[in-house]
Amino acid sequence: MKELDLLKKDWQKNDAFEQVSEKDIYTMLHKKSSSVVKWILIVSILEFVVLNGIGLLFPDDHLPPYLSKMEYYLDILQIISYGVTFFFIYLFYRNYRSISSTSSSKNLMETILKTRKTVQYYIGYNLAYIVLMFSAGFISAILEDPIVSQKIATHKIIYLVLFLFVLIVAGIVWLFYRLIYGFLLKKLKRNYEELKKIDL
C-alpha cells in the first residue's frame, strides 16, 4: 500500500491535480482488488483439486463395514457437495469478471462487498458440511457397529470425546480458511475503505 499512500499525500498537497490523483488511486485500487478476487478464485479451485485428489487415495473398498452400508447416501452427498462447490467457484469467477470490467468506484465497492459475502457463505457451507459428514459417520458407527455401540453404552464419555473431536476438526478447518481467505478478505476490506474515502 506504499504507492497508495504516496498518491494520497500528493493528492492532499496539490488540489489542482485532485481529479488526476483520484483517478490514479481508483486505478490502483481496482487493479489490487481484481488481483485479490482472482486469487480467491484460484485458491478455491486448488482447494477442490487437492482435497479430491487426497480423497482418491482412500477408495470406497477401504471403508469400514458400517460406512459401506451408507455408500449410496455418501455418494449422493458427495454429488451434492460437488454441485455446491462448483456453484461457489462459478460465483467467484463471476465476481472476478465483474470486478475486472467495472468502471466506477461505486460498482467496484459493490463487487467487493458481494465477493466478501460469497466467501463467507462458502466458508460457512464447508464447515457445516464437515460437521454433518463426521456426525453422520459417528451416528452410523453407533447404530450399525455392535462393538462401537457396546463401548459407548459402557463409556458414556465417548459421546463427549466424539463431540470434541468434531469441534476440533471444524476448528482446524476454520483456522485454515481464516488464514488463507481471511488474508485476502482483509485486503479487500482495506481497498473498500479507501474507495469509500474517494467516493465521499
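Asker: Explanation requested: the side chain of Thr118 in the structure shown.
Answerer: Tracing the sequence through the fold places Thr118 in helix α5 (residues 105-144). Take Thr118: its relative accessible area is 9%, and that puts it in the buried class. Reaching out from Thr118, the side chain makes a polar contact with the backbone oxygen of Lys114 at a distance of 2.8 Å. Setting aside chain neighbours within four positions, we find Thr118 in contact with Phe88, Leu91, Phe92 and Asn95.

Asker: Sorry, what's going on with the pattern of salt bridges here?
Answerer: Side-chain pairing between opposite charges can occur once the charged atoms of the two side chains come close. Following the criterion strictly, the structure yields one salt bridge and no others. Among the salt bridges present, the one from Lys197 reaches Glu194, with a minimum N-O distance of 3.7 Å. Here the residue Lys197 and the residue Glu194 both occupy positions in helix α7 (residues 157-199), the gap between them amounting to three residues, near one helical turn. In this structure Glu194 comes out as buried when scored by relative accessible area, which is 13%.

Asker: Honestly, the layout of surface pockets in this entry has me stumped. Any pointers?
Answerer: Rolling a probe over the atoms, with the probe sized like a water molecule, indicates the empty space that remains. Quantified by volume, the second largest pocket comes out at close to 230 Å³. Contributing to the lining of the second largest pocket are Arg116, Gln120, Ile123, Trp174, Tyr177, Arg178, Tyr181, Gly182, Leu185, Lys186 and Lys189. For the lining of the second largest pocket, the elements supplying multiple residues, two or more each, are α5 and α7. It is α7 that provides the largest number of residues to the lining of the second largest pocket, a total of eight residues. Broken down by class, the residue content of the lining of the second largest pocket amounts to five nonpolar, two polar and four charged.

Asker: What should I look at first to understand the side chain of Ser33 in this one?
Answerer: Looking at where Ser33 falls in the secondary structure, it is placed in helix α2 (residues 18-55). Apart from the residues within four sequence positions on either side, Ser33 is in contact with Ile99, Leu108, Ile112, Leu188 and Asn191.

Analysis parameters
- In this convention, every chain numbers its residues from 1, walking through the sequence in written order.
- Per-residue local features of the predicted model are confined to residues with pLDDT of at least 70, and side-chain atom pairs are confined, for both listing and counting, to 80 or more; whole-chain, interface and lining totals are unaffected and use all residues.
- Water and hydrogen atoms were dropped before computing side-chain values, which therefore reflect all heavy atoms in the structure.
- Segments assigned H or I by DSSP are reported as helices when at least four residues long, segments assigned E as strands when at least two residues long, and all are numbered from the N terminus.
- Relative accessibility decides the category of a residue: with a 1.4 Å probe and only protein chains considered, values under 20% of the type maximum give buried, values over 50% give exposed, and everything between is partly exposed.
- Think of a polar contact as two N or O atoms within 3.5 Å of one another; within protein, one of them needs to be a possible hydrogen donor and the other a possible acceptor, and neighboring residues in sequence only count if both atoms come from side chains.
- Residue contacts are defined here by distance: any two heavy atoms, one from each residue, within 4.5 Å place the two residues in contact.
- By salt bridge we mean one thing: a side-chain nitrogen of Lys or Arg within 4 Å of a carboxyl oxygen of Asp or Glu.
- A cavity here means a set of 1 Å grid points, computed over protein atoms only, where a 1.4 Å probe fits but cannot escape. A pocket is an open set with protein on both sides within 12 Å along at least 5 of 7 lines, and lining residues have an atom within 4 Å of a point.
- Grid points are joined across faces, edges and corners, and a volume is the space filled by probe spheres set on the points.
- Three classes are used: nonpolar for Ala, Val, Leu, Ile, Met, Phe, Trp, Tyr, Cys and Pro, charged for Asp, Glu, Lys and Arg, and polar for all others, with Gly counted as polar.

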